[in-house]
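One-letter residues, chain by chain:
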Amino acid sequence: MSAAGRALAAALLALASPAFADEIKPGSAFLSPEMQRQQEDQGRNPGYLWVEQGEELFSRRESVSPTCISCHADPGQSLRGAAARYPQVDRASGKLINLEGRIEQCRVERQKQPAFGYESQDLLGLTAYVASLSKSVPLSVSADGAAKPFYEAGKAFYERRQGQLNLACTQCHDDLVGQKLRGDTISHGVGTGYPAYRLEWNGVGSLHRRLRACSLGVRATQFDYGSDDYLALELYLAVRAKGLALEAPGLRR
């Protein structure tokens, strides 16, 4: 480990003094009051540009393929609350799937079109739009039944020390909540605001993009977007945030 890496690890451990009780709070609770207001203002939250793009794609017809709205008429009602139930286990395949995965599945299997691809602007737009339809709906992701082994895998990932800095998610997002790290306030690490517009990205990104950044930050392996590891962790984080309201598109530093 480099001297800089050892210094960062030491600084993180030195900060260890929980600032909050066991209550899990959404990421927006750690924003400044001004950023909280900006997140809730559709005219000032840049993430709504992606929502608008997704809404247009939802009704766009490509050749003879059905549009999204062909199956999901009146999406404001028919899809209200849908995003709050992901990730979930797909009944047909038995695999864990998140909202992005379900959209891609519909595109390939029902619309007979090529997948958009993770972090593509089209997939980010559609995901942001569908997620926005469930804004303020409490998360209700299940860890029971077929989801249990995935949940346990995600929990193990969250608690496992990783990378050259030998740090686990829990050391920041449980032990150091409310402390400052590189000018940002450490949150509980839940994904209620994703897809989110991050100022450092100057654009909207998925939760998996943020997880990859965390992996890089501790000098650990960055898994692929949509990987089993990140899907399991996403499920664990969603169950951890159960009852919190969805706030996508979120605004983050």
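Cut-offs applied
Residues numbered from 1 in each chain as written. Predicted model: local features only at pLDDT ≥ 70, side-chain atom pairs only at ≥ 80, totals over all residues. Heavy atoms only, no water. Helix = DSSP H or I, 4+ residues; strand = E, 2+ residues; numbered from the N terminus. Buried < 20%, exposed > 50% of the residue type's maximum accessible area, 1.4 Å probe, protein only. Contact = heavy atoms within 4.5 Å. Polar contact = N/O pair within 3.5 Å; in protein donor to acceptor, adjacent residues only side chain to side chain. Axes fitted to C-alpha atoms, helices over the stretch in contact; angles between N-to-C directions. Parallel < 35°, antiparallel > 145°, perpendicular 65-115°, else oblique. Left-handed = near helix turned anticlockwise from the far one by under 90°. Nonpolar A, V, L, I, M, F, W, Y, C, P; charged D, E, K, R; others polar.

Undergrad: I'm lost on the environment of Arg91 in this one. Help?
TA: Its location among the elements puts Arg91 in the loop between strand E1 (88–89) and strand E2 (96–97). Counting along the chain gives 55 residues from Arg91 to Ala146, while the straight-line C-alpha distance between them is 9.1 Å.

Undergrad: Help me out: how do you make sense of the environment of Arg161 in this one?
TA: Residue position: Arg161 is located in the loop between helix H8 (148–159) and helix H9 (169–173). For Arg161, a relative accessible area of 46% corresponds to the partly exposed category. Between the C-alpha atom of Arg161 and that of Gln171, which follows or precedes it by ten residues, the distance is 8.9 Å. Setting aside chain neighbours within four positions, we find Arg161 in contact with Asn166, Leu167, Ala168 and Gln171. Here Asn166 takes part through its backbone oxygen, which lies 2.8 Å from a polar atom of the side chain of Arg161.

Undergrad: Before we go on, may I ask you to explain the packing of helix H6 (residues 99–110) against helix H7 (residues 121–132) in this structure?
TA: A pair of packed helices is characterised by two quantities: the angle between their axes and the separation of those axes. Where H6 meets H7, the closest approach of the two axes is 10 Å, and the angle between their N-to-C directions is 115°. As judged from the angle between their axes, H6 and H7 are roughly perpendicular. The chirality of how H6 crosses H7 is right-handed. In this structure, H6 uses Leu99, Glu100, Ile103 and Glu104 to contact H7, whose residues at the interface are Leu123, Leu126, Thr127, Val130 and Ala131. Taken together, the residues that form the contact of H6 with H7 break down as six nonpolar, one polar and two charged.

Any link to function would need more than the numbers given here.
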